[in-house]
Amino acid sequence: MPELPTTRLTLLARLQEPANQAAWEEFVAVYEPAVYGFARKKGLQDADARDLCQDVLRAVALAIERWDPDPRRGSFRAWMFRIARNMLINFCTNRRRHVRGTGDSAVHEVLAELPGNKNGDSALYEAEYRRQLFVWAAGEVRDEFAAATWQAFWQTAVEGRETKSVAAELGVSTGAVYIARSRVIARLRQRIEEFEQVAN
C-alpha cells in the first residue's frame, strides 16, 4: 500500500497543484467510477459514459483552483455532482439535436426525466459515490490484513454469509470472525474518513 501523505495539505489543496500525480490518482480512483456509474444508471452506453467521465474530470481539473471550500456554498461532492449532472444534461441535449438511432428507448426516457429529477439524481450519484468509495478503500487497506481476517470480513459483511459457516470454513471460532470483521470495518471507516475529510 502506498504511504499516506505526511503533509497537512488536504487532497483538494493538493489537486490545485497540477503536477501532483499522487493526489490526482487518488481523486480519480474514487470519483471516476462514481461518475461512470451515475452516467450508466442514467442510461448512457459504456463509451458515452466513459466520455462523460473524461469531460467531468477535465472540467474539475480546470475549475479546481476556483472551488471555494466555504461550507455555506456546499460540499465539494455537491459541486462535483452539479458539474457531472450539467454535463450529462448537455450531453443528452446535444444528442437530441443530433439525433442518432440508438435502438435504446432508455436514452429517450433519460432525456424526459433530466430537468425535473434533481433529488433522484443526487441520491443516485451519492449512492454510486459511496459504493465506489468503499471499493477504493477496500483496495487501499486489503494488504494490511491476513488472508483469513480479510475473508472473515468479506464473506460475512459483503457477501452476507452466516458467521458460523464462515468460521467453520476458515477453521476459527465465530468470535474470531466477529473480531476480524470488526477490525477490518474499523480500518475501512478510518480510511474513508481520511479521504472524506479532504473531499467534503
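Quick look at the structure, then. Values in this document were obtained by computation on a predicted structure and should not be read as measured data. (Residues numbered from 1 in each chain as written. Predicted model: local features only at pLDDT ≥ 70, side-chain atom pairs only at ≥ 80, totals over all residues. Heavy atoms only, no water.)

1. Some words on the overall build of the protein
Rules: Runs of H or I in DSSP of at least four residues are treated as helices and runs of E of at least two as strands, each being numbered from the N terminus. Here the term buried applies to any residue with accessible area under 20% of the maximum for its type, exposed to any over 50%, and partly exposed to those in between, with areas from a 1.4 Å probe on protein chains only. For this analysis, residues touch if any pair of their heavy atoms sits within 4.5 Å. Accessible surface is estimated by sampling points in the Shrake-Rupley manner with a 1.4 Å probe; for residues, cover comes only from the protein chains shown.
A tally of helices and strands in the protein yields 9 helices and 0 strands. Of the regular secondary structure in the protein, the N- to C-terminal order runs α-α-α-α-α-α-α-α-α. Across the 200 residues in the protein, those meeting the buried criterion constitute 38%. Summarising the internal contacts of the protein: among those between residues at least 6 apart in sequence, 66% fall at separations of at least 24. For the protein, the accessible area works out to roughly 11300 Å², and carbon and sulfur atoms hold 51% of it.

2. Here's the deal with the environment of Ser122
Assignment of secondary structure puts Ser122 in helix α6 (residues 118-141). The exposure class of Ser122 is partly exposed, given its relative accessible area of 32%. Remark: the alpha-carbon pair of Ser122 and Arg82, spanning 40 residues in sequence, is separated by 8.8 Å.

3. A word on the pattern of salt bridges
In plain terms, the rule: Salt bridges are defined by distance alone: a side-chain nitrogen of Lys or Arg within 4 Å of a carboxyl oxygen of Asp or Glu.
One pass over the full model with this rule turns up 7 salt bridges. Arg50 is paired through a salt bridge with Asp46; the nearest N and O atoms lie 3.1 Å apart. Of this pair, Arg50 and Asp46 both sit in helix α3 (residues 46-63), 4 residues apart, which is roughly one turn of that helix. A residue is classified by how much of its surface remains accessible, and Arg50, at 47% relative accessible area, is partly exposed. Put simply, Glu26, Glu140, Arg191 and Glu194 are held in one network by salt bridges that share partners.

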